[in-house]
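Descriptive structure summary
Each chain is listed here by its residues.
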Amino acid sequence: MTARREALQAAFDAATSWLDQLSTAPVRPSQDVDEVTAALWRELPDEGLDPRAVVDELVRAASPGLMGAPSGRFFGWVIGGTLPAALAADWLTSAWDQNAGLLASSPASAAVERVAGRWLLDLLGLPPEAGVGFTTGATMANVVCLAAARHAVLDRVGWDVEHDGLVGAPPVTVVVGAERHSSVELALRYLGLGTGRSVVVPADERGRLRLDALADTLAAAPSGPVIVVLQAGNVHSGDVDPVGDAADLAHGRGAWVHVDGAFGLWAAASPALRTLLPGLERADSWATDGHKTLNVPYDSGLAFVADAAALHAAMGEHADYLLQDERPDPMATVPEMSRRARGFAVWAALRSLGRQGVAELVDGLARHAAAFAAGLAAMPGVQVVNDVVFTQVCASFGSDERTRAVAAQVMADGTTWMTPSRWHGHPVLRISVSNWSTSDDDVARSLDAVARAVAAVDARGVA
Ligand SMILES: *Cc1c(COP(=O)(O)O)cnc(C)c1O
């Protein structure tokens with residue numbers, strides 16, 4: 001075998017055996033960052049090592065510090081697993097090593113992104129002529145969409161923000177919901193719109209932006225460009241802002257309406273859950289993730305912009321040396337020039353599931369979340385604090401101290417992985433069901449682990 005084949009074979013063997021043991025192994029890593037560093041640390045060697053031995057050394061050193069994120073019992077943060085077809089396509093993506101920036105540099109990547117992009121717009125019920133950007137994640141998808149928004153609202157008042165920047169520009173009023181994701185703040189920072197200037201619209205008890213308050217905010221906003229940022233999928237409640245009605249209100253005021261739907265946008269792919277998002281298609285741009293609900297490997301985000309010309313104006317650049325096309329190059333949809341051909345894995349995920357499979361995936365996540373809510377509510381002294389409408393469950397275990405102690409104990413136990421958070425002023429244990437492979441048995445074993453954690457905390461006398 002050649003050295004390359006040996007290295008790839010070693011990687012294949014290590015990857016498949018690691019994935020195979022996830023169904024029985026603890027989800028949590030057995031070593032922390034300092035321990036892994038200590039095992040791996042040495043001065044940069046003068047001499048190299050053959051590829052096969054490099055793979056072996058990496059696997060040996062890294063394995064104890066790996067989180068079982070693709071496990072069916074992983075419910076931390078909002079993190080998806082990896083569909084087999086998407087993982088395989090991702091391996092090919094590395095082997096093929098295409099530069100996805102230009103039509104000329106990879107016709108295959110550009111074509112697959114075109115097809116996957118159209119499929120996604122169809123699946124999510126978004127305008128078929130929208131522009132699509134394959135980003136690293138929803139944070140960058142928010143950046144891309146809000147850059148298109150910034151372009152469009154300033155263009156309408158005769159300001160060329162790409163050429164003249166924001167210094168001296170007409171002020172842009174940005175309206176956000178009280179429970180927006182922190183990545184919206186990052187996007188506003190990166191785009192020079194700032195975080196402190198946003199007008200914040202209060203949320204209701206389910207974490208949704210309040211329409212009446214949005215109407216008041218828009219009525220009181222100074223004349224001039226306005227961008228409204230909505231959310232589909234609150235990371236605590238899973239709930240969705242009233243997107244269609246909010247979009248109509250905002251459009252009455254000439255605003256651009258963006259939806260951060262990192263995981264919640266996928267409710268639109270389920271006939272049963274699409275009722276959470278009436279009027280979703282009436283917004284102007286939408287950000288979501290491939291690496292959460294769709295279960296594509298990292299990194300995979302998606303930006304959709306109804307007015308593709310605004311997207312290209314915000315992201316595109318012409319450079320004579322690049323061999324660019326009359327047609328917009330893929331680099332006119334994302335911040336990067338050179339980048340990974342992310343479309344292959346997204347296409348593979350969609351092709352392997354089909355329309356029905358995506359709906360079943362999304363419905364299955366919501367069904368498991370409902371089972372968690374029912375199981376937790378049946379435990380004495382446990383309260384589910386959100387209306388479980390989608391994939392997110394937040395539980396309180398009585399006092400703040402007891403809730404924190406149970407969350408820490410669940411993570412230490414390692415059977416399952418759920419993360420502590422704070423919502424509406426109190427600590428919660430948050431369960432995000434995002435993995436395609438989670439089974440009823442995974443849910444049952446994870447509920448048992450929570451019950452064990454409660455018993456352990458009570459045995460220590462934490463009240
Ligand atoms: C995860 C998430 C983001 C950020 O997505 P990344 O893929 O981590 O960049 C943005 N908004 C919401 C609602 C999220 O859940």
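Just above, that's the structure.
Report follows, based on the coordinates. (Residues numbered from 1 in each chain as written. Predicted model: local features only at pLDDT ≥ 70, side-chain atom pairs only at ≥ 80, totals over all residues. Heavy atoms only, no water.)

**Here's the deal with a negative patch on the surface**
Under the convention used in this document: For patch detection, residues must exceed 30% relative accessible area and be free of salt bridges, and they are connected within 9 Å for like charges or within 5 Å for nonpolar side chains (Val, Leu, Ile, Met, Phe, Trp, Tyr). For the accessible areas, the method is Shrake-Rupley and the probe is 1.4 Å, while residue cover comes only from the protein chains on display. Each salt bridge in this description consists of a side-chain nitrogen of Lys or Arg and a carboxyl oxygen of Asp or Glu lying within 4 Å of one another. Under this rule, positive means Lys or Arg and negative means Asp or Glu; His and the chain ends count for nothing. Where a charge sits is defined by one atom per residue type, namely NZ (Lys), CZ (Arg), CG (Asp) or CD (Glu). Segments assigned H or I by DSSP are reported as helices when at least four residues long, segments assigned E as strands when at least two residues long, and all are numbered from the N terminus.
On the surface, Asp155, Asp160, Glu162 and Asp164 cluster together into a patch of negative charge. Mapped onto the elements, Asp155 comes out in helix H6 (residues 138-155).

**Overview of unusual backbone geometry**
Stated formally: Only protein chains enter the accessibility calculation, which uses a 1.4 Å probe; a residue is then buried when its area is under 20% of its type maximum, exposed when over 50%, and partly exposed in between.
Omega for the bond connecting Tyr298 with Asp299 falls within 30 degrees of zero, at -10 degrees, which places this linkage in the cis form. Relative to the assigned elements, Asp299 resides in the loop between strand E6 (285-289) and strand E7 (301-305). Of note, Trp77 is a non-glycine position whose phi angle comes to about 35 degrees, a positive value. Secondary-structure assignment places Trp77 in the loop between helix H3 (51-62) and helix H4 (84-96). The class for Trp77 is partly exposed, based on a relative accessible area of 41%. In this structure, Asn295 takes a positive phi of about 60 degrees despite not being glycine. With respect to the element layout, Asn295 can be found in the loop between E6 and E7.

**Focus on the packing of helix H5 (residues 107-124) against helix H12 (residues 343-377)**
Quick note on the threshold: In this analysis, axes come from line fits to C-alpha atoms, helices being fitted only over the stretch in contact, and the angle between any two N-to-C directions falls in the range 0 to 180 degrees. Here is the rule for angles: anything less than 35 degrees is roughly parallel, anything more than 145 is roughly antiparallel, 65 through 115 is roughly perpendicular, and the remaining ranges are oblique. Each crossing is labelled by how the near helix is turned from the far one, with a counterclockwise turn of less than a right angle marking it left-handed and a clockwise turn marking it right-handed. Residue contacts follow a heavy-atom distance rule, with two residues in contact if any of their heavy atoms lie within 4.5 Å. When residue character is reported, Ala, Val, Leu, Ile, Met, Phe, Trp, Tyr, Cys and Pro are called nonpolar, Asp, Glu, Lys and Arg charged, and the others, Gly included, polar.
The interhelical angle for the contact between H5 and H12, taken along N-to-C directions, is 30 degrees, at an axis separation of 9 Å. Considering the angle they form, H5 stands roughly parallel to H12. For the crossing formed where H5 meets H12, the hand is left-handed. Mapping the contact onto sequence places Ala108, Ser109, Val112, Glu113, Val115, Ala116, Trp119, Leu120, Asp122 and Leu123 in H5 and Gly343, Phe344, Val346, Trp347, Leu350, Arg351, Arg355 and Val358 in H12. Each residue belonging to the contact of H5 with H12 can be placed in one class, and the counts come to 12 nonpolar, 2 polar and 4 charged.

**Points about the sheet that holds E7**
The cut-off we apply is this: Pairs of strands are assigned from DSSP output, requiring at least two bridges between the strands.
The strand order across the open sheet formed by 7 strands is E1-E7-E6-E5-E4-E2-E3, and the pairing between neighbours is mixed. A single partner strand is all that each edge strand has here, and the edge strands are strand E1 (131-135) and strand E3 (199-201). Sheet twist, expressed as the average angle between the axes of neighbouring strands with direction ignored, equals 20 degrees. Pairing of strand E2 (residues 173-177) with E3, which is carried by 3 bridges, proceeds in the parallel orientation. Bridge pairing in E3 links Val176 to Val200.

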